[in-house]
Amino acid sequence: MSVVGIDLGFQSCYVAVARAGGIETVANEYSDRCTPACISFGPKNRSIGAAAKSQVISNAKNTVQSFKRFHGRAFSDPFVQAEKESLAYELVQLPTGSTGIKAMYMEEERNFTIEQVTGMLLTKLKETAENALKKPVVDCVVSVPCFYTDAERRSVMDATQIAGLNCLRLINETTAVALAYGIYKQDLPAFEEKPRNVVFVDMGHSAYQVSVCAFNKGKLKVLATAFDTTLGGRKFDEVLVEYFCEEFGKKYKLDIKSKIRALLRLYQECERLKKLMSANASDLPMNIECFMNDIDVSGTMNRSKFLEMCEGLLARVEPPLRSVLEQARLKKEDIHAVEIVGGTTRIPAVKEKISKFFGKEVSTTLNADEAVARGCALQCAILSPAFKVREFSITDLIPYPISLRWNSPEEALSDCEVFPKNHPAPFSKVLTFYRKEPFTLEAYYSSPKELPYPDPAIAHFLVQKVTPQTDGSSSKVKVKVRINIHGIFSVSSASLVEVHKFDENEEPMETDQHAKEEEKMQVDEEQQKAEEQQQTQPENKAESEEMETCQADSKDKKVDQPPQAKKAKVKTTTVDLPIENQLVWQIGKDMLNLFIENEGKMIMQDKLEKERNDAKNAVEEYVYEMRDKLCSVYEKFVSEDNSFTLKLEDTENWLYEDGEDQPKQIYIDKLAELKTLGQPIQARFQESEERPKAFEDLGKQIQQYMKAVHAFKAKDELYEHLDEADVAKVEKSTNEAMEWMNNNLNLQNKRSLTLDPVIKAKDIQSKAKELASICNPIVNKPKPKVELPKEEQKPTEANGPLDGQGDTGSGTQPPEQGSAPTATDKKLPEMDID
Ligand code: ATP
Ligand code: MG
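The text that follows walks through the structure, step by step, so that each part is easy to find. (Residues numbered from 1 in each chain as written. Chains lettered and ligands numbered in written order. Predicted model: local features only at pLDDT ≥ 70, side-chain atom pairs only at ≥ 80, totals over all residues. Heavy atoms only, no water.)

### Concerning the sheet that holds strand β22 (residues 424–425)
The line we're drawing: At least two bridges found by DSSP between two strands are what make those strands a pair. Counting from the N terminus, the helices are DSSP H or I runs at least four residues long and the strands are E runs at least two residues long.
Taken together, six strands build an open sheet; the order of strands is β18-β13-β14-β15-β19-β22 and the sheet is mixed. Each having just a single partner strand, β18 (335–341) and β22 make up the two edges of the open sheet. For strand β13 (residues 196–203) and strand β14 (residues 208–216), the ladder comprises eight bridges, and the chain directions are antiparallel. Within β14, the residue paired with D202 across the bridge is Q209.

Here's what the structure looks like:
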């Protein structure tokens with residue numbers, strides 16, 4: 001099971017994994033921990049991440065970015081319509097009415113859903129995690145903005161499925177940050193003590209989110225969240241873009257907005273300038289060469305002027321901060337720390353606004369870019385049975401109140417707020433209805449004004465197969481509504497409580513049975529709760545709420561009492577009822593399967609194209625490397641006929657003409673063909689590099705054996721234990737080897753370097769090995785041990801070890817290194833050349 005956390009940012013994505021050493025943010029193939037949320041479509045493949053980002057201008061119409069916020073939105077959504085104008089690529093209305101992205105892919109015009117596009121990005125992030133972990137990745141936790149509605153969350157969930165991921169939890173970005181903060185804190189107040197309240201602020205590229213969390217040992221509870229869903233770095237970039245469009249427009253008479261490439265370049269330069277201004281208060285230049293119509297443009301900007309222009313944006317920093325405190329009923333003094341993350345909190349004025357509001361310095365203890373991904377990985381580790389993590393429970397909340405609406409049997413419209421704003425999540429409740437036939441529950445956000453989304457509808461849930469009781473009266477229907485671990489609402493189950501009558505003579509078991517059934521329901525809830533409490537331990541109040549069953553059908557209150565209660569002669573059973581969901585903007589199962597299949601095909605296509613490109617690059621690299629070496633190190637080894645040089649030139653030309661776009665096999669064959677010509681030259685060079693050393697080693701070895709033979713003949717006591725016949729064998733082999741070496745040296749010296757050598761380095765090495773195998777056992781033969789008389793072996797206790805008397809006895813100094821091998825038992829140098 002993999003433990004992976006993914007921060008799916010608007011501009012930048014990060015992947016964190018859990019390893020034995022802890023949580024680690026991992027780098028992609030460019031050794032960068034940040035992967036741009038960008039996909040570029042080409043005639044043969046897709047590029048994702050950094051490779052796509054580099055095509056933003058060159059392949060503007062088919063390079064997709066800034067798509068995070070189109071999840072779960074209709075094409076007609078005002079947000080989508082407004083965004084459409086500033087995009088280089090085209091948005092389209094899909095048959096379902098949702099937002100699609102049009103691009104030329106594989107030389108064909110294609111419409112992709114947002115889920116597919118995010119799925120592509122996730123494929124890349126999954127691959128990054130797989131490369132880091134060196135194993136397949138399926139399970140993960142993915143972050144979403146805390147203000148995402150159900151439709152947006154479901155859409156991201158579909159994207160994870162398209163990428164072949166199993167998302168264990170969609171976690172709110174601010175909650176992931178809170179987890180990354182709290183889990184390592186050793187000094188949190190004890191369970192029963194007053195919690196420590198911490199505010200988390202995340203201002204990224206597209207949005208601004210604030211949450212306030214209460215921490216106790218081992219747990220975190222989100223108390224409130226607030227947000228400005230359109231305040232982020234890009235708004236600050238826009239301010240600069242607008243300024244320079246006007247300035248350059250006037251100064252150089254340019255209509256920048258009419259040329260998307262120029263506009264995109266200006267955006268890139270403005271973002272760069274914005275970042276520079278965070279670190280530098282002086283005047284900074286804004287120069288772009290060949291900007292438009294071959295004109296170079298230049299201007300200046302400084303921090304104070306920039307801040308003046310951003311006054312409106314900066315004024316939007318405070319309201320969400322105020323809002324979280326009000327919602328959580330906390331005063332500024334109740335806040336222990338304010339932790340800031342997200343790239344845009346690096347703007348000094350943003351930081352100042354936050355610290356001024358709270359009257360304290362903001363903390364930057366968390367990594368501003370990676371905290372979300374790290375929190376996601378921590379959540380994944382908590383959920384994973386494969387990892388042991390410190391106990392830590394998280395209680396999140398729902399940001400918008402959710403109500404249910406239904407038609408009562410009298411056709412009157414009733415509704416009920418099932419989850420008020422800031423209700424803990426995940427959570428389940430059971431509602432009771434009295435009905436004779438199937439009925440529909442319509443879930444919706446009951447405070448549309450608060451919703452950063454145009455449609456308050458969540459879903460319709462049709463509770464099917466409801467029948468009246470045998471006596472014709474209404475049946476009791478229990479409906480479980482739920483906010484799941486992803487923060488998504490659903491009617492998760494419904495059951496009909498059937499009442500069976502008994503006549504007076506029958507065994508009176510009904511109340512027990514009834515109690516049992518009721519109990520069963522409770523048990524189900526307990527199980528459900530236990531499941532959820534793996535992630536969260538709602539506070540006591542919340543727990544009692546979870547067990548709460550609502551009499552939702554107020555109109556039916558008269559049948560509230562079990563109809564047979566007075567007689568108490570009934571037996572009840574529960575029957576599960578099917579529920580049909582009609583979710584807003586949900587992709588159908590068949591469609592989702594098709595997308596999964598298509599993603600697989602595209603991954604395969606990318607892989608094949610990469611292999612083809614690698615094969616082409618290998619030819620190109622070989623041509624350049626060889627051409628370079630033929631003029632330098634290989635020069636002496638090339639024969640007069642320069643067919644290889646000509647072949648390389650031909651291939652180079654071919655690569656720019658017919659060979660520019662060929663199937664992989666053609667490149668493989670081309671490389672093999674070149675190598676048949678290049679290999680012998682390369683080998684001759686290689687041999688000439690290795691040969692002198694091999695001869696030298698053999699020579700040294702011969703010399704050493706000869707020295708040993710001479711020493712033996714001179715009756716050196718080092719060798720006096722050797723057998724004469726053996727020494728003669730050493731002498732003979734050494735002489736033979738010397739002759740062999742001299743012969744080959746002579747022949748090779750006479751041979752031209754443009755021809756294959758007479759002898760290869762490995763043959764010389766084999767000769768040395770063969771010689772060693774004969775001679776080493778003889779010259780290295782240990783000297784027999786001299787037996788000392790018994791008393792001498794025993795050192796006398798009174799005198800201790802006797803100086804100068806306890807040595808090995810020979811008295812001979814060991815030979816210098818590299819001199820003739822000696823035969824003393826201790827000092828023999830090893831002769832093996834292996
Ligand atoms: P979102 O959270 O909205 O989904 P994101 O997670 O991709 O977006 P971040 O990576 O947190 O966003 O932040 C990116 C933004 O931060 C960009 O607008 C970038 O220009 C801005 N940014 C990064 N560094 C600096 C800096 N030093 N000064 C000013 N802005 C910066
Ligand atoms: Mg972010």
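Moving on from the coordinates now.
### Description of the nonpolar core
General note: in soluble globular proteins, nonpolar side chains tend to be found buried as a group. Let me state the cut-off plainly: Definition of nonpolar core: a set of buried residues of the types Ala, Val, Leu, Ile, Met, Phe, Trp, Tyr and Cys, connected through side-chain atoms within 4.5 Å. Remark: exposure states derive from per-residue accessible area (1.4 Å probe, protein chains only) relative to the maximum for the residue type, with buried under 20%, exposed over 50%, and partly exposed in between. The contact criterion used is simple: two residues touch if any of their non-hydrogen atoms lie within 4.5 Å.
Judged by nonpolar contacts, the single largest core of 81 residues is most densely connected at L441 and F489. At nine residues, helix α3 (residues 114–133) tops the list of elements feeding residues into this core. Residues within four places of F489 in sequence aside, it is in contact with D150, I402, L404, V418, F419, A443, I458, F461, V481, R482 and I483. In terms of nonpolar packing, the next biggest core, distinct from the first, is built from 52 residues, V199, V201, L313 and L330 among them.

### Thoughts on the sheet that holds strand β6 (residues 46–48)
Selection rule: Between N-to-C directions, angles span 0 to 180 degrees; the directions come from axes that are lines fitted to C-alpha atoms, helices contributing only their stretch in contact.
Read across the open sheet, the three strands follow the order β6-β5-β7; overall the sheet is antiparallel. Two strands bound the open sheet, and with one partner strand each, they are β6 and β7 (63–65). Direction aside, neighbouring strands of the sheet carry axes that sit 15° apart on average. Judged from the three bridges that link them, strand β5 (residues 38–41) and β6 form a sheet pairing that is antiparallel. Bridged to F41 within β6 is R46.

### Considerations on the pattern of salt bridges
Quick note on the threshold: Each salt bridge in this description consists of a side-chain nitrogen of Lys or Arg and a carboxyl oxygen of Asp or Glu lying within 4 Å of one another.
In this structure the tally under the stated criterion is 41 salt bridges. As a salt-bridge pair, R46 and D606 come within 2.8 Å of each other at their nearest N and O atoms. Residue R46 is located in strand β6, and its partner D606 is located in helix α15 (residues 589–630); the two are separated by 560 residues in the primary sequence. The exposure class assigned to D606 is buried, which follows from its relative accessible area of 16%. The partner of E173 in a salt bridge is K68, with the nearest N and O atoms 2.8 Å apart.

### Considerations on the site of ligand 1
What counts, and what does not: Near, as used in this document, describes a residue that has one of its heavy atoms within 4 Å of the molecule or strand being considered. Polar contacts, as counted here, are pairs of nitrogen or oxygen atoms within 3.5 Å of one another; within protein the pair requires one atom able to donate a hydrogen and one able to accept it, and residues that are adjacent in sequence qualify only if both atoms are side-chain atoms. Per-residue accessibility takes into account occlusion by the displayed protein chains alone, with areas from the Shrake-Rupley method and a 1.4 Å probe. Throughout, the ten residues Ala, Val, Leu, Ile, Met, Phe, Trp, Tyr, Cys and Pro are labelled nonpolar, Asp, Glu, Lys and Arg are labelled charged, and all others, Gly among them, are labelled polar.
Every one of the 19 residues lining ligand 1 counts as a neighbour, but K68, H205, E271, K274 and S278 are closest to it. Interatomic distance of 2.7 Å between a side-chain N/O atom of K68 and an oxygen atom of ligand 1. Contact distances for ligand 1 include 2.7 Å between an oxygen atom and a side-chain N or O atom of K274. Here ligand 1 has 650 Å² of accessible area as a free molecule, and 91% of this is covered by the chains. With four residues, helix α7 (residues 260–279) is the single largest residue contributor to the shell around ligand 1. The residue inventory of the shell around ligand 1, partitioned by class, reads three nonpolar, eleven polar and five charged.

### Notes on the pairing of strand β10 (residues 108–113)
Pairing between strand β9 (residues 99–105) and β10: six bridges, direction antiparallel. Directly across from G100, in β10, lies its bridge partner T113. Taking the residues that link successive antiparallel strands as the turn, the β9-β10 hairpin has two residues, and the phi of M106 there is positive, at about 55°.

### What to know about the packing of α15 against helix α16 (residues 643–656)
Threshold: In this scheme, a crossing is called left-handed if the near helix is turned counterclockwise away from the far one by less than a right angle; it is called right-handed if the turn is clockwise.
Between α15 and α16, whose axes approach to 10 Å, the crossing angle comes to 145°. In terms of crossing hand, the pair formed by α15 and α16 is left-handed. On α16, the residues that touch K616, V619, E620, Y622, V623, Y624, M626, R627 and L630 of α15 are F644, T645, L648, T651, E652, L655 and Y656. Here the residues of the contact of α15 with α16 are counted per class, giving ten nonpolar, two polar and four charged.

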